[in-house]
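# Descriptive analysis of the structure
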Amino acid sequence: MRKGNEIQLDVAPIVGCPSYRSHTVITLDDIRAAASRIGDRVHRTPLESSATIAAMSGAARVSLKCENLQVTGSFKVRGVLNKLSQLTETERARGIIGFSAGNHAQALAWCAKAAGVRCIVVMPSTAPQSKVDASRGYGAHVELVATSAELVPRTRALAEQEGLMLVHPFDDDAIIAGGGTVALEVLDQAEKIDVLVIPIGGGGLIAGAAVVMRALSPHTRIVGVEPTGACGMRQSLDAGRALTIQAPRSIADGLAAPMAGERTFEIVQRHVDDVVLVSDEEIAAAMTLLLLRCKLLTEGAGAAATAALVAGRISIRPTDHVAVMLSGGNVDLHRLAQLTGPPS
């Protein structure tokens, strides 16, 4: 796997999270079971072709998996539904808590309301106001903390004080398996996929998708994408262990996770071919491209994989069919205007 060297972040071994070194391996059967549990409570999002992006990247064909059109505006609802569907009555009575920059928070709030479960989400004060408002609108109690470094300790303290069950945004087998259901859909919707490009925050989406692809489409090259200012997985791969990031920074707030998950790191290390980095400027340009040429509204996290493809970060053959994950579309309108600017 290629070594990333674009930026060095303030990183350290994971603290505040339990060790999962002895966890059982997630399998294709786990992800198929997740798909059965979720059923028709989520959208079967479209897989749209883009001749423009294919031409820009040098691929024969590019397909965009539009999880920006998913319930709550991102893929996150898949994992949360899978997790909450397995709660015991005692756990349901206790209620749930999670930490998030926004998309996991919205998914938790929406799913908890549907299940009649109490929900608290801890979010950084830098989270887009639209995501904070949506989480509250779905019925969650939102607590804001000053920095991402405070997310995990504050969440764990509240969980203990309130007797709530923590639903981790990515480092949980049920969450990973739910995310993997996206890849099942892609393989059902498309012919042979040569390259699959996926954005990485904590790694839940790419970990679940990698399990599916290695089982059902082993020839497919899997490439993860992170912002240069929030590249915890790339840094972890280079270090050989899962790390925390003290101050992740990116316009792609959905990818600015404070850590690489231990579960997700192990799967990425085993199954993912490469993790590449993109700048905030390249992400903003990809958001504009997707909006103007594909008529698809994405947030920074949702546009990151496209950014890597059109910026030439991924080696593409002229015969390749490339599938790109648009992981979310929850962008604040004020921020969208700032990032995309007036059309040229």
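So, here is what we can say about the structure in this document. (Residues numbered from 1 in each chain as written. Predicted model: local features only at pLDDT ≥ 70, side-chain atom pairs only at ≥ 80, totals over all residues. Heavy atoms only, no water.)

### Observations regarding the overall build of the chain
Within the chain one finds 14 helices and 12 strands. Relative to its length of 344 residues, the chain is compact, with a C-alpha radius of gyration of 18 Å against a globular reference of 20 Å. Taken across its 344 residues, the chain has 60% of its residues classed as buried. Summarising the internal contacts of the chain: among those between residues at least 6 apart in sequence, 76% fall at separations of at least 24. (Helix = DSSP H or I, 4+ residues; strand = E, 2+ residues; numbered from the N terminus. Rg over C-alpha atoms; globule rule 2.2 N^0.38 Å. Buried < 20%, exposed > 50% of the residue type's maximum accessible area, 1.4 Å probe, protein only. Contact = heavy atoms within 4.5 Å.)

### Describing the state of the cysteines
Throughout the structure, instances matching the rule amount to zero disulfides. Between C66, a cysteine without a disulfide, and C294, which holds the nearest cysteine sulfur, the sulfur-to-sulfur distance is 8.5 Å. C66 gets classed as buried once you look at its relative accessible area, which sits at 0%. (Disulfide = S-S within 2.5 Å.)

### Notes on unusual backbone geometry
Positive phi values are uncommon outside glycine, yet T72 reaches one of about 65°. Inspection of the secondary structure puts T72 in the loop between β3 (61-66) and α3 (76-84). Take T72: its relative accessible area is 8%, and that puts it in the buried class. Within the chain, K295 stands out as a residue other than glycine whose phi angle is a positive 60°. Mapped onto the elements, K295 comes out in the loop between α12 (280-294) and α13 (300-310).

### Re the packing of helix α10 (residues 232-239) against helix α11 (residues 262-271)
The interhelical angle for the contact between α10 and α11, taken along N-to-C directions, is 70°, at an axis separation of 11 Å. Looking at the two axes, α10 sits roughly perpendicular to α11. The two elements α10 and α11 cross, and the hand of that crossing is right-handed. Seen from α10, the contacting residues are M233, S236 and L237; seen from α11, they are T264, F265, V268 and Q269. Residues belonging to the contact of α10 with α11 are distributed by class as follows: four nonpolar, three polar and no charged. (Axes fitted to C-alpha atoms, helices over the stretch in contact; angles between N-to-C directions. Parallel < 35°, antiparallel > 145°, perpendicular 65-115°, else oblique. Left-handed = near helix turned anticlockwise from the far one by under 90°. Nonpolar A, V, L, I, M, F, W, Y, C, P; charged D, E, K, R; others polar.)

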